[in-house]
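# Coordinate analysis (summary)
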Amino acid sequence: MAMEGISKKWMVSEAELDDEQYKIRQLKFDNYLIEGCAGSGKTVLALHKAKEIQDTKRGTYLVVIYTKALRSFIEDGVKSLGLDASKVCHYDDLSRSGISSADYIIVDEVQDFSREEISKLINMANENFIFFGDDAQQIYTSKTHNITLSDIESIAQIDSKNHKRLDKNYRLPRKVAKFAQSVTEKQNNILNRCTRMGKEIPMIIKCKGLYQELDYIINTIQNERWSDVGILLASNKEVISVKDYFESKGIDVEYKYDERRKTYNTLDFYSNKPKILTYHSSKGLQFENVFLPACEVRSDSINYSYKEALYVAVTRTCSNLFILYSNELSPFLKSIPREYYDFKEF
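### A closer look at the overall build of the protein
A tally of regular secondary structure across the protein gives 15 helices and 16 strands. In terms of overall dimensions, the protein is globule-like: its C-alpha atoms have a radius of gyration of 20 Å, near the 20 Å expected for 346 residues. Based on the C-alpha atoms only, the size of the protein along its principal axes is roughly 60 × 40 × 40 Å. The buried share of the protein, taken over its 346 residues, is 58%. Accessible surface for the protein amounts to roughly 15100 Å². Of this, 43% is attributable to carbon and sulfur atoms. For the protein, the distance from the average site of its 49 positive side-chain charges to the average site of its 50 negative ones is 1 Å.

Dropping the structure here:
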């Protein structure tokens, strides 16, 4: 797949920013908290602010990304803007690279950093910092102690007039947003923020076992000839299992998972291969078509808030969403009004 096709999926030029986004782009330098729902363009604006610093030679900068998968996903945006790739990094890269400060610190997905990490990032900024975040997409509540953007505003001593909001969602179709809004308890009113209606409502599919779920996914991808697919799962263990099954069927896939303190990452967002990764790793990403297999009642323990992670997962699509399960559907989906999705049973 050509770079142009990938770039058009999410990265937009300064000329393509809408009035709401352009106001953020044009903010005078100060300490800011930018609040925006899924698909509002937070990552795009973070990169554009970095470009402004670079082009005007104001000083040094760092763009800190929360997930490694998102760092891979935005590579084309980093290149197209001519940013220094070494200055756009994952948080864990900071200590390994020996980076201790920069004039301007720009942070994406700030709601998933702990108080200690936020304090460290604030102290790293010689001049100013800009935080981008969304309460509804906070996954690691045990790590962050359920920190909110209002808490972060207080911690960072950001003037209330510098707490800005992005109200529009450019990724999520309204037909999917109705479904997604019912997953989270956070009152972010994502439905009224969506700018696109979309063609299809989400599909919930009951199967007889995980392998039948995966066969359904494989057949759908092949029959529809889809080239932009995300297959999202709750845990690294499930990612490995699904990856192995696809490969046993002779299907090339790309994946990202952690096992025994080691990360395995073959994601290449310039390719047409299906991407298999966890809900957590999908933060900030988008796909035309998203499948969520094994979306059922869980007996294992997960070290993050499953409901918020599920919300992140269902808001990754800009077209089609498929939820699959075999035993008992996740309770976070059972309560969703029936008119918000189609149902199929094998």
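### Points about the domain arrangement of the protein
Along its sequence, the protein is carved into domain 1 (14–166) and domain 2 (174–345). Here the C-alpha centre of domain 2 lies 26 Å away from the C-alpha centre of domain 1. Taken together, the contact between domain 1 and domain 2 spans 24 residues of the former and 26 residues of the latter. Carbon and sulfur atoms make up 62% of the area that domain 1 and domain 2 hide from each other, which totals about 2100 Å². Looking at the side of domain 1 facing domain 2, the largest losses of area belong to Phe73, Ala136 and Ile139, adding up to 30% of the total buried there. The residue aspartate 112 makes a salt bridge to lysine 283 at a minimum N-O spacing of 2.8 Å. If you look at where domain 1 meets domain 2, you find 5 residue pairs in polar contact (both at pLDDT 80 or more). The set of elements that each furnish at least two residues to the side of domain 1 that touches domain 2 consists of helix H4 (68–73), helix H5 (75–80) and helix H8 (141–144). It is H4 that provides the largest number of residues to the side of domain 1 that touches domain 2, a total of 5 residues.

### Some words on helix H13 (residues 236–248)
Counted at 1.5 Å a residue, the expected span for H13 with its 13 residues is 18 Å, and the 18 Å between its end C-alpha atoms agrees. Considered for burial, the residues of H13 that qualify are Glu238, Val239, Ile240, Val242, Lys243, Tyr245 and Phe246. Taken together, the buried residues of H13 touch helix H12 (210–224), strand E10 (229–233), strand E11 (254–259) and strand E13 (275–278). Backbone geometry just downstream of H13 places glycine 250 in the positive-phi region, at approximately 75°.

### Comments concerning the sheet that holds strand E2 (residues 61–65)
On the basis of which strands lie adjacent, the open sheet formed by 6 strands has the order E3-E2-E4-E5-E1-E6 and parallel pairing. Two strands close off the open sheet at either side, each with one partner strand: strand E3 (88–90) and strand E6 (163–166). Each neighbouring strand pair of the sheet contributes to a mean axis angle of 20°, computed without reference to strand direction. Pairing of E2 with strand E4 (residues 102–107), which is carried by 4 bridges, proceeds in the parallel orientation. Looking at E4, one finds that tyrosine 61 is bridged to tyrosine 104. On top of the sheet, helix H3 (residues 42–56) reaches strand E1 (32–36), E2, E3, E4, strand E5 (125–133) and E6; it is set at about 165° to E2, its chief contact.

Cut-offs and rules
Residues numbered from 1 in each chain as written. Predicted model: local features only at pLDDT ≥ 70, side-chain atom pairs only at ≥ 80, totals over all residues. Heavy atoms only, no water. Helix = DSSP H or I, 4+ residues; strand = E, 2+ residues; numbered from the N terminus. Rg over C-alpha atoms; globule rule 2.2 N^0.38 Å. Buried < 20%, exposed > 50% of the residue type's maximum accessible area, 1.4 Å probe, protein only. Areas by Shrake-Rupley, 256 points an atom, 1.4 Å probe, with all protein chains shown as cover. Lys, Arg positive; Asp, Glu negative; His and termini not counted. Charge placed at Lys NZ, Arg CZ, Asp CG, Glu CD. Domains from an automatic or database assignment. Contact = heavy atoms within 4.5 Å. Buried area = accessible area lost by both parts, 1.4 Å probe. Salt bridge = Lys/Arg side-chain N within 4 Å of Asp/Glu carboxyl O. Polar contact = N/O pair within 3.5 Å; in protein donor to acceptor, adjacent residues only side chain to side chain. Expected span 1.5 Å × (residues − 1). Pairing = 2+ DSSP bridges. Axes fitted to C-alpha atoms, helices over the stretch in contact; angles between N-to-C directions.

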